[in-house]
Amino acid sequence: MNLEKYKNIALQTLKELISIQSFSKEEHTVADLMENKLKSFGYKVNRKGNNVWIFNSDFNEGKPVLLMNSHLDTVKPNEKWTKDPYNPEIVDDQLYGLGSNDAGGCLVSLMATFLALDETDQEYNRVFCASAEEEISGKNGFELVQDEIGRIDVGIVGEPTLMEMAIAEKGLMVLDCEAKGVPGHAARNEGVNAISIAMNDIEWFHSFKFENESQMLGPVKMTVTQVNAGKQHNVIPASCKYVVDVRTNEHYSNEKAFDIIQENIESEVKARSFRMNSSGIPLEHPLIQTGLNLGMGYYGSPTTSDQAIMKGFPTLKLGPGDSARSHTADEFIYLHEIKKGIQKYYNLLNGLKI
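Let us look at the structure shown here. (Residues numbered from 1 in each chain as written. Predicted model: local features only at pLDDT ≥ 70, side-chain atom pairs only at ≥ 80, totals over all residues. Heavy atoms only, no water.)

**Focus on the packing of helix α1 (residues 3-18) against helix α2 (residues 28-40)**
- Remark: α1 packs on α2, axes separated minimally by 10 Å, with the N-to-C direction vectors making an angle of 155°. Taken together, the axes of α1 and α2 are roughly antiparallel relative to one another. Both α1 and α2 take part in a crossing whose hand is right-handed. Counted together, T13, E16 and L17 of α1 and V30, L33, M34 and K37 of α2 form the full contact between these two elements. (Axes fitted to C-alpha atoms, helices over the stretch in contact; angles between N-to-C directions. Helix = DSSP H or I, 4+ residues; strand = E, 2+ residues; numbered from the N terminus. Parallel < 35°, antiparallel > 145°, perpendicular 65-115°, else oblique. Left-handed = near helix turned anticlockwise from the far one by under 90°. Contact = heavy atoms within 4.5 Å.)

Laid out in structure tokens, this is it:
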């Protein structure tokens, strides 16, 4: 592999991606860019919505299929940026720009590796997919195109992991809760204070421990993140609404965790969705064993990605960059991380037996 050649392709593409605003649900222009870029390399490009994908040039129906996926969309820049988030600025070894780390560096490194592997003869097929709406777990992202892509036997999801293998990922469930009381005048001994009911339930969320912990992911984690109650100082509130962020491990589906929660609190509770369950890949999978033989480390990730919506096949989260830089002001990725990312992806996948 001509590493310098593919690093330059990746870097140029990343600069172009950064220069285009691509918030979730607003990826049309950046999807156009990716579609035209892949066509320029000679591929027949598939597109649905703002999702773009290609197959290896020597695709063989009889071979297993590896997915190489990362996302096109970004979050909105926060107010603490001191640089232009849409100006790909290089300072020493750092490339600044919105989406440079999450997950543009991963996306272009996977693309470059896909191109390099297409010059080789492998015992498996590959599909490279640049998908939309990852940052909001939207239904018009990868979920929209999985059936269109067809059979997938294993997937790599490009997210910044310092090129360590995230072999398991916690699920996510967001709960809207409401404690209901009885209104009354605060000066008299009347009414039922919904805040008091909510406080008891919130204490339960804080202290309850699910029985089964995960060796890779640890315990189920529940965090109350928003609370709203009361209209004026002298009225006992009849309602207290609050939001709970629930991160599940592989021992509990979101539905199972929801049932346990519902049995233990007085507040009414509704889940926004059950679809973002815990996901991962067995340690004994050939992809992971190859990584271990190459000296790559592994861990369980507390954050969610498109892994959670990929159904029917195991997935590995892996990519250059550092998740600690994601969604931060003056986001950047090191140039050497992109170069090493391509090399490590290639070493992992060249000659892989699935």
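**Observations concerning the sheet that holds strand β4 (residues 89-91)**
- Strand order in this open sheet of three strands is β4-β5-β18, and the pairing throughout is antiparallel. Edge strands, defined here as strands with exactly one partner in the open sheet, are β4 and β18 (332-334). This sheet shows a mean twist of 25° between the axes of neighbouring strands, independent of strand direction.
- When β4 meets strand β5 (residues 94-96), the two strands line up antiparallel, connected through three bridges. Opposite V91, over in β5, you have Q94 as the bridge partner.
- Those strands touched by α1 are β4, β5 and β18, and its axis lies near 25° from that of β5.
- Together, β5 and β18 form the strand contacts of helix α3 (residues 100-117), whose direction differs from that of β18 by roughly 45°. (Pairing = 2+ DSSP bridges.)

**Brief notes about the pairing of strand β6 (residues 125-131)**
- Burial analysis of β6 places seven of its seven residues in the buried class, the great majority of the element.
- With burial as the criterion, each face of β6 is covered, one bearing N125, V127, C129 and S131 and the other bearing R126, F128 and A130.
- Sheet topology note: the strand β2 (residues 51-55)/β6 ladder contains four bridges and is antiparallel. Note that in β6 the partner of V52 across the bridge is A130.
- Where strand β3 (residues 65-71) and β6 come together, seven bridges link them in parallel fashion. (Buried < 20%, exposed > 50% of the residue type's maximum accessible area, 1.4 Å probe, protein only.)

**Some details on empty space enclosed by the protein**
- On inspection of all chains with the given rule, the structure shows one cavity of 30 Å³ or more.
- By volume, the largest cavity amounts to about 80 Å³.
- What lines the largest cavity is a set of 14 residues, among which L17, L72, T74, G99 and G104 lie closest to the centre.
- Residues that form the lining of the largest cavity fall into these classes: six nonpolar, six polar and two charged. (1 Å grid on protein atoms, 1.4 Å probe; cavity = no way out; pocket = protein on both sides within 12 Å on 5 of 7 lines; lining within 4 Å. Points joined across faces, edges and corners; volume = space filled by probe spheres on them. Nonpolar A, V, L, I, M, F, W, Y, C, P; charged D, E, K, R; others polar.)

**Regarding the pattern of salt bridges**
- Scanning all chains against the criterion turns up 19 salt bridges.
- Its salt-bridge partner being D176, residue R272 comes within 2.9 Å of it at the nearest N-O pair. You can see R272 sitting in the loop between β14 (268-271) and β15 (279-280) and its partner D176 sitting in strand β9 (residues 171-180), a full 96 residues away along the chain.
- For R272, a relative accessible area of 52% translates into the label exposed.
- Counted as one network, the salt bridges with shared partners bring together D32, E35, K39 and R47. (Salt bridge = Lys/Arg side-chain N within 4 Å of Asp/Glu carboxyl O.)

**Describing the layout of surface pockets**
- Put simply, the largest pocket is a space of about 420 Å³.
- Looking at the largest pocket, it is lined by 22 residues, and the ones nearest its centre are E134, E159, T303, T304 and H327.
- Partitioning the lining of the largest pocket into residue classes produces six nonpolar, nine polar and seven charged.
- When its volume is computed, the second largest pocket comes out at roughly 200 Å³.
- If you go around the second largest pocket, you meet 13 residues; those closest to its centre are I167, A168, S214, M216 and E250.
- Put simply, the parts of the chain that give the lining of the second largest pocket at least two residues each are β8 (165-169) and β15.

**Comments concerning the packing of aromatic side chains**
- Counting across every chain of the model gives eleven aromatic pairs.
- For the ring pair F205 and Y242, a centre distance of 6.3 Å and an interplane angle of 75° mean the geometry is edge-to-face. You can see F205 sitting in helix α5 (residues 194-207) and its partner Y242 sitting in strand β13 (residues 239-248), a full 37 residues away along the chain.
- Look at Y242 and you get buried, because its relative accessible area is 1%.
- Ring geometry for F258 versus F274: centroids 5.4 Å apart, planes at 80°, classification edge-to-face. Residue F258 is found in helix α6 (residues 254-264), and its partner F274 is found in the loop between β14 and β15; the two are separated by 16 residues along the sequence.
- Here F258 falls in the buried class, since its relative accessible area comes to 9%.
- An aromatic cluster of three or more residues is present, and its members are W204, F205, F208, F210, Y242 and Y252.
- The aromatic ring of Y96 is capped on one face by K83, whose charged end is 4.6 Å from the ring centroid. (Phe/Tyr/Trp six-rings, centres within 6.5 Å; stacked < 30°, edge-to-face > 60°. Lys NZ or Arg CZ within 6 Å of the ring centre and 35° of its normal.)

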